[in-house]
Amino acid sequence: MLSRVADSLYWMSRYLERAENTVRQLDVTMGMMLDTGGASEKARWQLLVAALGKPAGLDWNGNLEAMAHKLVFDNLNHAAVTFCVNGARENARQVREEISTEQWQRLNRLYHQIHSPQAETQFSSSINDALASIIDGIHLFKGVSNTTMIHGQGFQFMRLGRYLERAYATATMLEVYQPVLFHPQEREHEGYQYLELVGLLRCCTSFEAYCQVYTADVSSARILEFLLLNSDFPHAIRYCVDCMRDVIESIQRTGGRRPPAELISGIGRLHAMLDFTTIDEILQGDTSAFLHNIREQCLRIHELIYRYYVHYSIQSALAS
Amino acid sequence: MSAAPPLLLDTLFGEYPLDQAFDEMRSADGDVRAHYHALAETLASLPPEELQRRKQSADLSFLTQGITFTVYGRDEGTERIFPYDLLPRLITAQEWDRIERGLTQRITALNLFLRDVYSDAKILNDRVVPRELVYSCKHYRRQMQGLQVPRNVYVAVVGSDLLRLNNGEFVVLEDNLRVPSGVSYMLTNRRVMKRTFPQLFSSYGVRPIEHYPQLLLATLRSLAPEGRPEPNIVLLTPGVFNSAYFEHTYLARQMGIDLVEGRDLVTHDNIVYMRTTDGLKRVDVIYRRVDDDFSDPLVFRADSSLGCAGLFNAYRAGNVTVTNAFGTGLADDKAVYAYVPKMIKYYMDEDPILNNVETYLLSDPVERQHVLANLDKLVVKAVGESGGYGMLIGPHSTAQQREEFARAIEANPRNYIAQPTLDFSRAPCLFGNHLEPRHVDLRPYILFGDKVNIVPGGLTRVALEKGSLVVNSSQGGGSKDTWVLE
């Protein structure tokens, strides 16, 4: 497939994943603010912004609704939902012939929905409903992508974008919330720490899945173990890395060109790092550094993918 | 008109004006033409709300499919839905037969002309077409001189614009031999219309057009360089900001070929490659939707980044087919157009089946004087422009505009032609819950590879504004589905 097309599909998918992540984290954060016994609104907002990778221009101004509005509707902010949906649609438009009509229609509808005057009205009457309908739109898109697109290279590049973005975003979030997890504030009443922990799980839509594995007995170490090392849950980092490895194999199978050793070993290293460790080891070491390392490796993998599949030099391509 | 309650039909027509212009639906005395009876009956039988409901559902279908085009020269809203009218335009089998034969003849002659001009130039030596007219054309490409193109096909994809005059005769207004567009609207209109009027459609027995992409692909394949039995065919687009981008993606998808931009292509040793995730892949046939000027910065405009450096040399070497060929704009120059009937006679020894519109060449001093004296009655067009740009419509112009054109003509007479203001045909369009006539033209799409293929019908373009004569989508025109009857 054309390199430019692979690039567009990869980013289309990454942008949507990012939009979904922003919406979910915003939703959970706003929910947690209702319980006034916990951290202040300002502190929570700052955590949220940090977990989204510290996008600029989102300093707390005391008005939650205005801040949330900005995080959803700011066309210029890289973490904002409209920015991401615009980016996804713009990429889709450039590869209109590669994606199915159903995919295009779903994405186009999401775009028109979020830019319609009604979207603002709905937002001011019920933020939760507005956020839920955005998530719905993204889910529908992912659903028709699965069922109407050829599961060839293009599909694999979409998966690659999604899982790389997800692994990176989850690692960022865990790194930011890690102090909250392991150094809880002293509080008068019980129950608040439970809310914190469940909130973190909900940010990754993983509360129910967590309960299935560990029961409702939530603890910081188990949450970290679940979101880092579980190999069956799609929002766990290890699952994401498994998928990335699988994608590269699949691209090689359909294309016939062997990926360079660097790329294979890059993903393999991250994979092994998550495969051959235990949560106790991680907690005994520098947890923060471990999470940071995951992010660094994700960036490195992204770079290798681009160097090999998209921005390769003509000389190297003619030589092989 | 027995089945339709006449009262309802009268309400539908309302103040529907009839004058000397040919009306597609009604004869001069107001009767509905025989082949429009079933349509009129259907319209009369539907309650107004139902018509509106169908209109809305069709609207929505266009919006969600993202069937849009780009208007240049406006800041915001670069994408717009292509306006369309709900009522089909009907063409009888007999009328179509003549159009089809006429277009086949015309495209054959035009290809022979291009081959001749770019090789021996016999027609110029025999003084049938003036030499200076050809060599002063801004779309003439010296680089094409002496170049052998596959199957001698210079223009493989054509969209000719036809008008119907007061006497009901179809004439050719212009040929689009460079990168004609609009075929995707023809195809999507049909899809929407089939859903909007299913019973009516099947009762009429309309000839299908849906196989156009397949025919186009076969045409492109037939033009592949020799020794490339499994050619890699691509569609070259200027990119997402081009007004016809929707069409490019649509056609690429329908044909199952890659849609490439100039930046996807590289040349090495006169071979064109595209950059893929599996490395470089050789390209054999390029269906080009980029103008000559922007195709290769080494040969044409150096400031263009839309094309691919080295493309022309690879083409010259015969390693890649580019279609339409470069320099074909020569033959749709509006002044050269005036000579097409003579070309048909010269190359094929036949009389033209479809006539031209009377055309004044302003390089001729006598004709120029006549035109300058009658600017308020004529239409003046710049010879190399298309899309309704660079045009003066005399009866609808201001004194100042006429003054400007007069000056421009004096300065560069070769650059302009004039034609009488044509009273071309009108077809009924739906406005609210009644019908009004609007001017329409017809753009059939002709494919020329190992043989000539014309899907029955084409794009009927409508000047949606009352009294307007301009049907171009960039100037407020819309479209109608065109039904050629069995």
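Residues numbered from 1 in each chain as written. Chains lettered and ligands numbered in written order. Predicted model: local features only at pLDDT ≥ 70, side-chain atom pairs only at ≥ 80, totals over all residues. Heavy atoms only, no water.

Asks: Would you mind showing me how to read the overall build of chain A here?
Replies: Helix and strand content of chain A: 16 helices and 0 strands. In terms of overall size, chain A behaves like a compact globule, its C-alpha atoms giving a radius of gyration of 20 Å where 320 residues would be expected to give roughly 20 Å. Taking the principal axes of the C-alpha coordinates as reference, chain A spans close to 70 × 50 × 35 Å. Long-range contacts, defined here as pairs at least 24 residues apart, represent 67% of the contacts in chain A between residues at least 6 apart. Of the accessible surface of chain A, which amounts to about 13800 Å², a share of 51% is contributed by carbon and sulfur atoms. Taken together, the 29 basic and 36 acidic charged side chains of chain A have centroids lying 8 Å from each other. (Helix = DSSP H or I, 4+ residues; strand = E, 2+ residues; numbered from the N terminus. Rg over C-alpha atoms; globule rule 2.2 N^0.38 Å. Contact = heavy atoms within 4.5 Å. Areas by Shrake-Rupley, 256 points an atom, 1.4 Å probe, with all protein chains shown as cover. Lys, Arg positive; Asp, Glu negative; His and termini not counted. Charge placed at Lys NZ, Arg CZ, Asp CG, Glu CD.)

Asks: Explain the overall build of chain B here, please?
Replies: On a plain count of helices and strands, chain B comes out with 14 helices and 24 strands. Relative to the 2.2 N^0.38 estimate, which gives 23 Å for 486 residues, the radius of gyration of chain B is 23 Å and therefore close to what a compact globule would have. Considered along the principal axes of its C-alpha atoms, chain B spans approximately 75 × 60 × 50 Å. Looking at chain B as a whole, 59% of its 486 residues qualify as buried. Contacts in chain B between residues far apart in sequence, at least 24 positions, make up 68% of those at least 6 positions apart. Summed over its atoms, the accessible surface of chain B is roughly 19400 Å², and 48% of this surface lies on carbon and sulfur atoms. Across chain B, the 53 positively charged side chains and the 61 negatively charged ones have centroids separated by 3 Å. (Buried < 20%, exposed > 50% of the residue type's maximum accessible area, 1.4 Å probe, protein only.)

Asks: Would you mind showing me how to read the interface of chain B and chain A here?
Replies: Contact residues are listed per partner, giving 26 residues for chain B and 32 residues for chain A. Surface buried jointly by chain B and chain A totals about 2600 Å² across both partners, of which 49% is contributed by carbon and sulfur atoms. Three residues, Arg253, Arg275 and Thr277 of chain B, lead the burial of chain B against chain A; their summed loss comes to 27% of the area buried on that side. Remark: the boundary between chain B and chain A carries 2 salt bridges. In this assembly, chain B and chain A are joined by 15 residue pairs in polar contact (both at pLDDT 80 or more). For the side of chain B that touches chain A, the elements supplying multiple residues, two or more each, are α3 (48-64), α10 (245-255), β7 (258-260), β8 (265-268), β9 (271-276) and β10 (279-282) of chain B. Across the side of chain B that touches chain A, the residue classes break down as 10 nonpolar, 8 polar and 8 charged. (Buried area = accessible area lost by both parts, 1.4 Å probe. Salt bridge = Lys/Arg side-chain N within 4 Å of Asp/Glu carboxyl O. Polar contact = N/O pair within 3.5 Å; in protein donor to acceptor, adjacent residues only side chain to side chain. Nonpolar A, V, L, I, M, F, W, Y, C, P; charged D, E, K, R; others polar.)

Asks: Looking at this model, I keep getting lost on the pattern of salt bridges. Mind explaining?
Replies: Note that side chains of opposite charge can pair when their charged atoms are close. Taken as a whole and judged by the stated rule, the model has 50 salt bridges over all chains. A salt bridge links Lys122 of chain B to Asp120 of chain B, with the nearest nitrogen and oxygen atoms 3.7 Å apart. Owing to a relative accessible area of 47%, Lys122 of chain B belongs among the partly exposed residues under this scheme. The salt bridge involving Asp351 of chain B is made with Lys345 of chain B; its shortest N-O contact spans 3.6 Å. One salt-bridge network, in which partners are shared between bridges, spans Glu17, Glu20, Arg24, Lys142 and Arg166 of chain A.

Asks: Could you clarify how one ought to interpret the packing of aromatic side chains in this entry?
Replies: We describe a pair of aromatic rings using the distance from one ring centre to the other and the angle between the two ring planes. All names here are of chain B. Under the definition given, this model contains 29 aromatic pairs over all chains. Considering the side-chain rings of Phe201 and Trp483, the 5.1 Å spacing of their centres and the 90° angle between planes classify their relative orientation as edge-to-face. Taken together, the positions of Phe201 in helix α8 (residues 198-204) and Trp483 in strand β24 (residues 482-484) put the pair 282 residues apart, joining distant regions of the chain. Residue classification places Phe201 among the buried positions, given a relative accessible area of 13%. (Phe/Tyr/Trp six-rings, centres within 6.5 Å; stacked < 30°, edge-to-face > 60°.)

Asks: It is not clear to me how the nonpolar core should be interpreted in this structure. Could you clarify?
Replies: Most often, soluble globular proteins have nonpolar side chains that are buried together. Core analysis: the biggest nonpolar cluster contains 189 residues, and Trp45, Leu228 and Ile294 of chain A together with Phe113, Met144, Tyr315 and Leu330 of chain B have the highest contact counts within it. Ranked by residues supplied to this core, first place goes to helix α1 (residues 3-33) of chain A with 14 residues. Sequence-distant contacts of Met144 of chain B, that is, excluding residues within four places in its chain, are made with Tyr118, Val149, Tyr154, Phe312, Tyr315, Ala325 and Phe326 of chain B. Leu223, Ala224, Leu235 and Tyr445 of chain B belong to the second-largest nonpolar core, a separate cluster that totals 33 residues. (Core = buried A, V, L, I, M, F, W, Y, C linked by side-chain atoms within 4.5 Å.)

Asks: Please explain the packing of α1 of chain A against helix α3 (residues 64-73) of chain A as it appears in this structure.
Replies: When two helices pack together, their arrangement is given by the angle between their axes and by how far apart the axes lie. Residue and element names in this part refer to chain A. Two numbers describe how α1 lies on α3: the axes approach to 11 Å, and their chain directions differ by 170°. One way to sum up the angle between α1 and α3 is to call them roughly antiparallel. For the pair α1 and α3, contact is made by Thr22, Leu26, Met30 and Met33 and by Leu64, Ala68, Leu71 and Val72, respectively. Among the residues making up the contact of α1 with α3, the classes are represented as 7 nonpolar, 1 polar and no charged. (Axes fitted to C-alpha atoms, helices over the stretch in contact; angles between N-to-C directions. Parallel < 35°, antiparallel > 145°, perpendicular 65-115°, else oblique.)

Asks: Looking at this model, I keep getting lost on the sheet that holds β9 of chain B. Mind explaining?
Replies: Neighbouring strands of a sheet are bound in pairs by backbone hydrogen bonds; such pairs are parallel or else antiparallel. Residue and element names in this part refer to chain B. As summarised here, the arrangement of the 3 strands in space is β8-β9-β10, forming an open sheet in which the pairing is antiparallel. Where the open sheet ends on each side, the last strands, each with one partner, are β8 and β10. Neighbour-to-neighbour, the strand axes of this sheet turn through a mean angle of 40°, independent of strand direction. Taken together, the 4 bridges between β8 and β9 define a ladder with antiparallel strand orientation. Paired with Leu265 across the bridge in β9 is Met274. (Pairing = 2+ DSSP bridges.)

Limitation: the analysis is restricted to geometry and does not speak to function.
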